[in-house]
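Listed here are the chains, written in short residue letters.
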Amino acid sequence: MTEQLGALTTIFTEFYFFLTVVLMFFIHVGFCMYEVGVARTKNVQHTLLKNTMAIPLVGLCFFLFGMWIYIAFQGWPVNGLSLSFATGFEPWSSKIAPNLSDRISGVFWAAFALFGMTAASIVSGSLIERTKTSAFFLIAIYVGAVAWVVPAAWGWAGNGWMAQYLGFHDQYCSAVLHSVAGFATLGVLMHLGPRIGKFAPDGTPREIPPHNPWLVTIGLFMIFIGFWGFYAACHIPIANVAAEGATPYFTATNIYGVPITLSGVTMNFLLALFGGMVTAYVVSKGNPFWTYSGGLTGLISASAGNDLYHPIIALVIAIAGTVMAFKMHYWVEKKFKIDDAVGAVAVHGYCGLFGGVVAGFALWGYPAVMPSAGAAITLGEGVGWFGANAEGLPIVTPFGNIIGSLVFALGFGLAPGWVLGKLLKSLGMLRVPPAVEIHGLDGKRIPETYPGLSGLEAQFETIQRAEAKS
Amino acid sequence: MSTGVTSLANLAEMGAVYPFAGFEWLFTLIAAAFLVYFLVSQIKMEQGDIAHELEAPGAEVALAPAE
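Residues numbered from 1 in each chain as written. Chains lettered and ligands numbered in written order. Predicted model: local features only at pLDDT ≥ 70, side-chain atom pairs only at ≥ 80, totals over all residues.

**Topic: the overall build of chain B**
What counts is decided by this rule: Runs of H or I in DSSP of at least four residues are treated as helices and runs of E of at least two as strands, each being numbered from the N terminus. Around each residue's C-beta, the other C-beta atoms within 10 Å are counted; 20 or more make the residue buried, 12 or fewer make it exposed, and counts in between make it partly exposed. All C-beta atoms are placed from the backbone.
Helix and strand content of chain B: one helix and zero strands. For chain B, buried positions account for 3% of its 67 residues.

**Examining the nonpolar core**
Proteins that are soluble and globular tend to have nonpolar side chains buried together. Residue and element names in this part refer to chain A. Note the following rule: Only buried Ala, Val, Leu, Ile, Met, Phe, Trp, Tyr and Cys residues enter a nonpolar core, and they are joined through C-beta atoms within 7 Å. Our contact criterion uses C-beta atoms placed from the backbone: two residues qualify when those atoms are within 7 Å.
Core analysis: the biggest nonpolar cluster contains 155 residues, and Val58, Ala111, Ile139, Ala140, Val143, Trp148 and Val180 have the highest contact counts within it. Residue contributions to this core peak at 14 residues, all from helix α3 (residues 105–126). Contacts of alanine 111, omitting those with residues within four sequence positions, involve Phe17, Thr20, Val21 and Ala233.

**Side note on the interface of chain A and chain B**
Note the cut-off: Under the scheme applied, nonpolar residues are Ala, Val, Leu, Ile, Met, Phe, Trp, Tyr, Cys and Pro; charged residues are Asp, Glu, Lys and Arg; polar residues are all the others, including Gly.
Facing 31 residues of chain A, the contacting portion of chain B comprises 31 residues. The biggest single contributor to the side of chain A that touches chain B is helix α17 (residues 456–469) of chain A, with four residues. Counted by class, the side of chain A that touches chain B contains 16 nonpolar, twelve polar and three charged residues.

**A short note on the sheet that holds strand β1 (residues 236–240) of chain A**
Put simply, the rule is: Two strands qualify as a pair provided that DSSP identifies no fewer than 2 bridges between them.
Read from one edge of the open sheet, three strands run β1-β2-β3 (chain A), paired in antiparallel fashion. Single-partner strands in this sheet number two, and they are β1 and β3 (259–260) of chain A.

**Section: the UniProt feature "domain: Ammonium transporter AmtB-like" (unreviewed entry) in chain A**
Heads up, the condition is: UniProt positions are given in the numbering used here, feature names are shortened, and annotations may be inferred rather than shown by experiment.
Annotation from UniProt places "domain: Ammonium transporter AmtB-like" (unreviewed entry) at residues 16–446 of chain A. Secondary structure content for residues 16–446 of chain A is 61% helix and 3% strand, and the end C-alpha separation is 42 Å.

**A closer look at the packing of helix α4 (residues 133–147) of chain A against helix α7 (residues 174–192) of chain A**
All names here are of chain A. Spelled out, the test is: In this analysis, axes come from line fits to C-alpha atoms, helices being fitted only over the stretch in contact, and the angle between any two N-to-C directions falls in the range 0 to 180 degrees. An angle below 35 degrees is read as roughly parallel, one above 145 as roughly antiparallel, one from 65 to 115 as roughly perpendicular, and any other as oblique. Whether a crossing is left-handed or right-handed is set by the direction in which the near helix is turned from the far one by less than a right angle, anticlockwise for left-handed and clockwise for right-handed.
Two elements in contact, α4 and α7, have axes whose closest approach is 11 Å; the angle formed by their N-to-C orientations is 150 degrees. The angle between α4 and α7 places the two elements in the roughly antiparallel class. The hand of the α4/α7 crossing is right-handed. Listed contacts from α7 to Ile139, Val143 and Ala147 of α4 are Val180, Ala181, Ala184 and Val188. Of the residues assigned to the contact of α4 with α7, the class counts are seven nonpolar, no polar and no charged.

**Here we look at the domain arrangement of chain A**
Residues and elements named next belong to chain A. Applied cut-off: Domain delimitation in this document rests on an assignment produced automatically or drawn from a domain database.
When the domains of chain A are assigned, the result is domain 1 (13–237 + 258–439) and domain 2 (442–470). Placing a centre on the C-alpha atoms of domain 1 and another on those of domain 2 gives a separation of 42 Å. Listed by partner, the interface residues are seven residues for domain 1 and six residues for domain 2. If one sorts the elements of the side of domain 1 that touches domain 2 by residue count, helix α2 (residues 44–72) sits on top with three residues. Looking at the side of domain 1 that touches domain 2, its residues break down into one nonpolar, five polar and one charged.

**Some remarks on the confidence of the model for chain B**
Defined as follows: Scored between 0 and 100, pLDDT is the confidence that the predictor attaches to each residue.
Within chain B, residue pLDDT values average 86, and 82% of them lie at 70 or more. On the interface metric, ipTM, the complex scores 0.91, and its pTM is 0.95.

**Some thoughts on unusual backbone geometry**
Residue and element names in this part refer to chain A. A cis amide bond links tryptophan 76 with the next residue in sequence, proline 77, at an omega value of 0 degrees. Residue placement: proline 77 occurs in the loop between α2 and α3. Of note, alanine 376 is a non-glycine position whose phi angle comes to about 55 degrees, a positive value. Topologically, alanine 376 is positioned in the loop between α12 (344–362) and α13 (398–426).

**As for the environment of serine 179 of chain A**
Residues and elements named next belong to chain A. Position of serine 179 relative to the elements: it lies in helix α7. For serine 179, a count of 34 C-beta atoms within 10 Å translates into the label buried. Note: C-alpha distance between serine 179 and leucine 353 (174 residues apart in sequence) is 5.3 Å. In this view, serine 179 contacts Ser174, Gly349, Gly352, Leu353, Gly356, Ser405, Phe408, Ala409 and Gly413; residues no more than four positions away in its chain are not counted.

**Some points on α7 of chain A**
What sets the pattern is the α-helix's 3.6 residues per turn: residues three or four places apart point alike. Residues and elements named next belong to chain A. Put simply, the rule is: Multiplying 1.5 Å by the residue count of a helix minus one yields the expected span of that helix. To obtain the bend at a residue, axes are fitted to the seven residues ending there and to the seven starting there, and the angle between these axes is taken.
Between the first and last C-alpha of α7 there are 25 Å, a value that for 19 residues agrees with the 27 Å anticipated at 1.5 Å per step. Taking the largest bend as the criterion, α7 deviates by roughly 25 degrees, centred on valine 180. Burial within α7 is extensive, with 17 of its 19 residues counted as buried. Two residues or fewer past α7, glycine 193 is found with a positive phi of approximately 80 degrees.

**Observations regarding the packing of α7 of chain A against α12 of chain A**
All names here are of chain A. Where α7 contacts α12, the two axes come as close as 7 Å, and the packing angle between them is 140 degrees. Of the possible angle classes, the one that applies to α7 and α12 is oblique. As α7 packs across α12, the resulting crossing turns out to be left-handed. Contacts between α7 and α12 involve Ser174, Ala175, His178, Ser179, Ala181, Gly182, Phe183, Thr185 and Leu186 from the first element and Ala344, Val345, His348, Gly349, Tyr350, Cys351, Gly352, Leu353, Gly355 and Gly356 from the second.

**Focus: the environment of phenylalanine 65 of chain A**
All names here are of chain A. When you line up the elements, phenylalanine 65 lands in helix α2. Judged by C-beta crowding, with 19 C-beta atoms within 10 Å, phenylalanine 65 ranks as partly exposed. Residues phenylalanine 65 and alanine 145, spaced 80 residues apart in sequence, show a C-alpha to C-alpha distance of 7.5 Å.

**Examining the environment of arginine 130 of chain A**
Residues and elements named next belong to chain A. Inspection of the secondary structure puts arginine 130 in the loop between α3 and α4. Note on arginine 130: 22 C-beta atoms within 10 Å, which makes it buried. Separated by 300 residues in sequence, arginine 130 and leucine 430 place their C-alpha atoms 8.6 Å apart. Apart from residues no more than four positions distant in its own chain, arginine 130 is found in contact with Leu192, Arg195, Arg431, Val432 and Glu437.

The structure is reproduced here in structure tokens:
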């Protein structure tokens, strides 16, 4: 840290990632508020703690093995079958601790850990009001620290083999994270079954009213805020991407080392949000839940290519993805009796897969990866199976993005989610007994949720007044 | 506790500055044990809670009428 430009670049990057972590915590504030609002009063505390505990649990697993997977698996199995245990992100590494020779690894780890917690929280809401806490924790560990991490290593890293050989492009994790978490949720829901009373005897779905719709909407608003941090954490904020010896070219880059502008990303983020919200408002005929969720369906549908789209392209993709998610949610619910309490399968699963596939068409031909020392990206041998540009860089194609998106959604989401759900169910660990579900998962703590309404507050008032008189 | 660091005279040469550098394998074992302990405790606690609920649902819920 003796050379001025290097020092400034390093310290700026360190501070940038630090702020993204702070912002991303709003996603968890939002998820907690949202799910608590959707839950009925008798399940509020269980819902809150189940979601909250995913934060430290996934975080610990990310410390122990999640981040190592992300670095170690980037070339595996195409570039080689061996896995390094000297990535710098093993839990015993001295780099992810106070170390004056490394100022980036810790904040970089934290950003990824927050991604993992987000993935686990996506699953959380759909399972509320009948899932055993322990079962959710095991599912959260899989989804948050393994399921999306291998796809990220392969297709969401400049050195990932899918990025280099398939030209896979998914800048803000539509397929890599959202589709994986959403489809894993669907796999678990198949075994979990609906809440008692969700479906009428003739199979007609019933609406289970949220205990506090205003927490739901404010929670979703919080998630919007957190998404700014999520987006920001997907960048390399400053890097010299020029070839060695050439005139320096300092820029922000996407996760693949390709130059982008935060200005363009900001426009696309907002237009996708606008498109999703307006469309959801219209198709749901002014339903507040869907209007806010529409912000997410729009964003997630456009996220795969929101680093490079025109804002109106982002808007159009957001509109299409939102209509699709809305229709698919109710069709799947009715057809397969899937009780997704918060619509996470539609919002994250369907939109994530849609976004990943669409980006392959919309960005067809654009260089998928740009190697540079500044972004620490090097090209492998024979990259670009589906095409390369004149400079030998792999290009984005529909084939690469369709293959990658399907492998992630089905291979790392749906299938393992189904197996995990089946396993937990067969061990009696998945669902609480009907009597507990009917009484409420908060059990003896139910009156503590709203003491003013349950009589607990009045009980103490009585004691206090009696003692004041004596 | 000892960091082993007693001088800040040569910052460019410095690396790990935390106590017990070199014992990271032990730190890893502590973190792993803590995680396993939590998961086992959680499963036991939940089994107990559910069994209790099934025996006497809401038994400890004592409500007074709101004033």
